[in-house]
Amino acid sequence: MKIFPVSQSVFCAYADIDSLPELFEGIWPIKGSGVSLNSFVVKGEKIALIDLTSDWTNASRQVVSALGSLELSLKDIDFLILNHLEPDHTGFLREFRCENPRCEIVSTVKGVNLMKSFYNISEGVRAVKDGDALDLGGGHILSFFETPNVHWPETMVTWDAASGVLFSCDAFGSFGKLSGRVFDDEFTKDEHAAFEKESLRYYATIVSSFSLFVEKAIEKLKPLDIKCIAPSHGIVWRKNPRVVIDRYAKYASYAKVGEKEITIVWSSMYGNTKAGLDAAIRGIEQEGVPYSIHRVPDEDVSYILADAYKSAGLLIAMPTYEYAMFPPMAYVIDLFRRKHIFNKTVLRIGSFGWVGGAKKEYETAITPLKWNSLESHEWAGFPTETDLSILEERGRQLARRVLSF
Ligand code: FEO
C-alpha cells in the first residue's frame with residue numbers, strides 16, 4: 001500500500017472498506033459505495049500518527065504497509081493523536097499499544113476516559129485541552145481544538161500551522177471509497193458528484209443530530225489559514241478546502257431550512273395509498289417543484305434521511321396498519337426524530353380499511369419535529385374522484401408552500 005504526500009513532511013495512508021462490515025455503525029449500508037479510513041503522518045524531529053483505523057478487512061495492516069513505504073513501522077511513532085475515539089478510528093488501538101508501548105497517546109480529557117473504558121489503556125496517555133500544543137520539532141507544532149459532538153463529545157481536531165493542514169477526523173468527511181486517489185484535484189466531476197451524494201448521506205446519518213455543533217466548529221476554526229482539509233473519511237482537500245467547508249456549512253443550515261424541493265416517502269399495501277399518492281404527485285408536478293421519491297421499506301432509510309434532511313418539503317404517504325402507522329414507516333419517522341429532520345413543511349396522506357388510526361400515532365410521533373403540517377387527507381379503501389381531486393390540490397399546496405421560502 002502506498003502513502004500519499006500531502007507536503008514534504010505530512011502523509012496520508014488510507015484503507016478502503018467496501019464489503020465488510022456491510023453496515024457502518026451497524027446500521028448504514030456501505031457495501032459497494034464503501035468508506036475510507038484515513039490516517040496521517042506528520043514528520044518533525046518526532047513522528048506523529050494522527051487517527052488510527054478499525055481492524056475491519058485488514059484496514060490496519062494496509063496503513064502499516066503504507067507506513068513501510070516511508071520506512072516507518074508502528075514502533076517508530078512517538079505520538080499517536082486520537083481526535084475521536086469511535087472504533088472506526090481506534091479499533092486497532094490495543095494491537096498498536098502492544099507493538100509500541102512507548103508511544104504517547106494524545107486525546108482530550110473525555111477521549112482519555114473513553115480510551116480506558118473501550119481499551120483499558122491509561123498509561124502513557126496525555127490529555128490535552130482546547131488550544132494546547134505539541135512540538136514535534138522540525139517546525140511542526142500540532143495544536144488541538146476541541147470540537148465537541150462533531151461527532152462525539154470527546155472530539156477534537158488537530159492543526160499543523162507549518163503545513164496549513166487541518167486534521168479534522170469525522171468533520172468534513174464522507175462515505176465513498178478512494179480507490180487509489182486521495183486528493184480533491186485527482187477526481188473527475190462525475191466522481192465528485194458521487195462523493196457529494198455520499199457526503200450528504202454521511203452527514204444525514206452520522207452528523208445531522210449535531211448541526212449546531214458543526215456551525216460552532218466552523219466558526220471556531222475560521223481564524224486558521226487552512227490550506228488543506230484532511231478528514232479521516234473520504235477526499236483530502238488540498239486544492240480547494242473551501243468547497244468542503246462550505247458544503248458542511250450548507251448541510252448544517254438544512255436543520256433550519258432545506259432546499260426548495262420535496263422528498264416523497266411512501267408505502268402502500270395493496271395500491272390504494274399509491275393511487276392517492278399519484279394524484280398528490282400530479283399536483284406537485286404542476287407547480288414544477290423537484291422531488292425525490294422513496295418507497296418504504298424497499299429502500300434503505302439512509303437514502304431517505306439524506307434527501308429528507310436536504311428538502312424543505314416532505315410528502316408522507318402510508319396506509320393505516322392495525323389501527324396505527326404502517327410499521328416500517330413508524331421506524332422512518334422515529335429516525336427522522338433521532339436525526340433531527342426538523343423544520344420541514346409536510347403533507348401526510350393515506351388510506352385505511354375499517355377505521356383510521358395512523359393519524360393519531362403519527363401526530364404524537366411528529367410532535368418534537370417542529371414540522372409545519374398541511375391538512376392531511378385520509379380515505380377509506382380506494383380513493384374516490386373527490387379524494388383524488390383533494391389530493392391533487394394538497395400536492396399543489398405543498399409545492400407552493402415549499403416555493404414560498
Ligand atoms: Fe468516523 Fe464518529 O467516527
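Structure: above.
One structure accompanies this document, and this report is about it. (Residues numbered from 1 in each chain as written. Predicted model: local features only at pLDDT ≥ 70, side-chain atom pairs only at ≥ 80, totals over all residues. Heavy atoms only, no water.)

**Here we look at the pairing of strand β22 (residues 377-380)**
Alternating positions in β22 separate cleanly, H377 and W379 being buried on one face and E378 and A380 remaining unburied on the opposite face. Direction of pairing for strand β20 (residues 345-352) relative to β22: parallel, over a ladder of four bridges. In the strand pairing of β22, I349 is matched with H377. (Buried < 20%, exposed > 50% of the residue type's maximum accessible area, 1.4 Å probe, protein only. Helix = DSSP H or I, 4+ residues; strand = E, 2+ residues; numbered from the N terminus. Pairing = 2+ DSSP bridges.)

**Re the nonpolar core**
Among the nonpolar cores identified, the biggest contains 92 residues, and I81, Y248 and F336 are the most heavily contacted of them. Take this core: its biggest share by element is seven residues, from helix α5 (residues 189-207). Domain assignment of the residues forming this core places at least three in each of domain 1 (4-253) and domain 2 (259-403). Discounting chain neighbours no more than four positions away, the residues touching I81 are A48, L49, I50, D51, V106, L134, L142, F144, M156 and T158. Counting 27 residues, the second largest nonpolar core, distinct from the first, contains L49, V64, L82 and L93. (Core = buried A, V, L, I, M, F, W, Y, C linked by side-chain atoms within 4.5 Å. Domains from an automatic or database assignment. Contact = heavy atoms within 4.5 Å.)

**Description of unusual backbone geometry**
When glycine is set aside, most residues are seen to have a negative phi, and most peptide bonds are trans. Omega for the peptide link from V296 to P297 comes to 10°, which places this bond in the cis form. Considering the arrangement of structural elements, one finds P297 in the loop between β16 (291-295) and α9 (301-310). For E322, which is not glycine, the phi dihedral falls at a positive 50°. Position of E322 among the secondary structure elements: in the loop between β18 (320-321) and β19 (324-325).

**Thoughts on the sheet that holds strand β14 (residues 228-231)**
An order of β10-β11-β12-β13-β14 is seen for the five strands of this open sheet, with the pairing classed as mixed. Strands with a single pairing partner mark the edges of an open sheet, and in this sheet they are β10 (133-137) and β14. Taking the axes of each pair of neighbouring strands and ignoring which way they run, one obtains an average angle of 20° across the sheet. (Axes fitted to C-alpha atoms, helices over the stretch in contact; angles between N-to-C directions.)

Spatial relationships are all this shows, so hold off on functional conclusions.
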